[in-house]
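Residue-level structural notes
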Amino acid sequence: MIQTAESNNTERCEFIHVHEEIVEKVMNQMPEEEILYDLAELFKIFGDSTRIKILYVLFESEMCVCDIAQLLNLSQSAVSHQLRALKQSKLVKYRREGKTVFYSLADGHVRTIIDQGMEHVAE
């Protein structure tokens, strides 16, 4: 049985005709598979509301795990776990001052990504 676009709610071309010039142009512009994988992994990091809250906290000030945990009403262990993921994704950086480790945003790109996401959500 042949399914139509109406029967399964998917859009399909009525005629099978590949626009080769367009396909080739787009194919030449596509990043390598590894780059697309890395991008998808980066966006997964933004898929956790606790990590988003931590990033928002770090927009305002460099902070240590204890302060972030207090502010967000989380355990230090939970904050450390999320900071580790953010650090591995190069979204936060840290510096040591004596026995205390202070975290901050890695660069301005992090804020831009969040700001763009908020703008999109607000539309």
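Each chain has its residues counted from 1, running along the sequence as written. Reporting of local features is limited, given that this is a predicted model, to residues whose pLDDT is at least 70; pairs of side-chain atoms are given and counted only at 80 or more, and all residues count toward the totals for whole chains, interfaces and linings. Side-chain metrics rest on all non-hydrogen atoms present in the structure, leaving aside hydrogens and water.

1. Remarks on the confidence of the model for the chain
The quantity called pLDDT is the predictor's confidence in a given residue, expressed from 0 to 100. Taken over all residues, the pLDDT of the chain has a mean of 90, while the share at 70 or more is 92%. Here residues 1-5 scores under 50 on pLDDT; set against residues more than four positions off or in separate chains, the count is four contacts. When checking whether two residues touch, look at their non-hydrogen atoms; a contact exists if any pair is within 4.5 Å.

2. Some thoughts on the pattern of salt bridges
For salt bridges, the criterion is a side-chain nitrogen of Lys or Arg within 4 Å of an Asp or Glu carboxyl oxygen. Evaluation of the coordinates by the stated rule reveals four salt bridges. R95 is the salt-bridge partner of E62, the closest N and O atoms lying 2.8 Å from each other. Here the residue E62 occupies a position in the loop between helix 4 (49-60) and strand 1 (63-64), and R95 occupies one in strand 2 (residues 92-97), the gap between them amounting to 33 residues. Summary of the burial criterion: residues with accessible area below 20% of their type's maximum are buried, those above 50% are exposed, and those between are partly exposed, where the area comes from a 1.4 Å probe applied to protein chains only. For R95, a relative accessible area of 34% corresponds to the partly exposed category. With a shortest N-O distance of 2.8 Å, R95 and E97 are connected by a salt bridge. Residue classification places E97 among the partly exposed positions, given a relative accessible area of 45%. Each of E62, R95 and E97 takes part in a single network of salt bridges with overlapping partners. The numbering of helices and of strands both runs from the N terminus, where a helix is a DSSP run of H or I of at least 4 residues and a strand a run of E of at least 2.

3. Brief notes about the packing of helix 4 against helix 5 (residues 65-72)
Helix axes use the C-alpha atoms of the stretch in contact, all axes being lines fitted to C-alpha atoms, and the angles between their N-to-C directions lie in the range 0 to 180 degrees. Relative to each other, helix 4 and helix 5 sit at 115 degrees, their axes nearing to 11 Å. With respect to their mutual orientation, helix 4 and helix 5 come out roughly perpendicular. Here helix 4 and helix 5 pass one another in a crossing that is right-handed. Packed against helix 4, whose contacting residues are K53, I54, V57 and L58, the element helix 5 presents I68, L71 and L72 at the interface. Taken together, the residues of the contact of helix 4 with helix 5 break down into six nonpolar, no polar and one charged. Should an angle fall under 35 degrees it is taken as roughly parallel, and over 145 as roughly antiparallel, whereas 65 to 115 is taken as roughly perpendicular and any remaining angle as oblique. Left-handed describes a crossing whose near helix is turned anticlockwise from the far helix through less than a right angle; right-handed describes the clockwise counterpart. Each residue receives one of three labels: charged for Asp, Glu, Lys and Arg, nonpolar for Ala, Val, Leu, Ile, Met, Phe, Trp, Tyr, Cys and Pro, and polar for the others, Gly being one of them.

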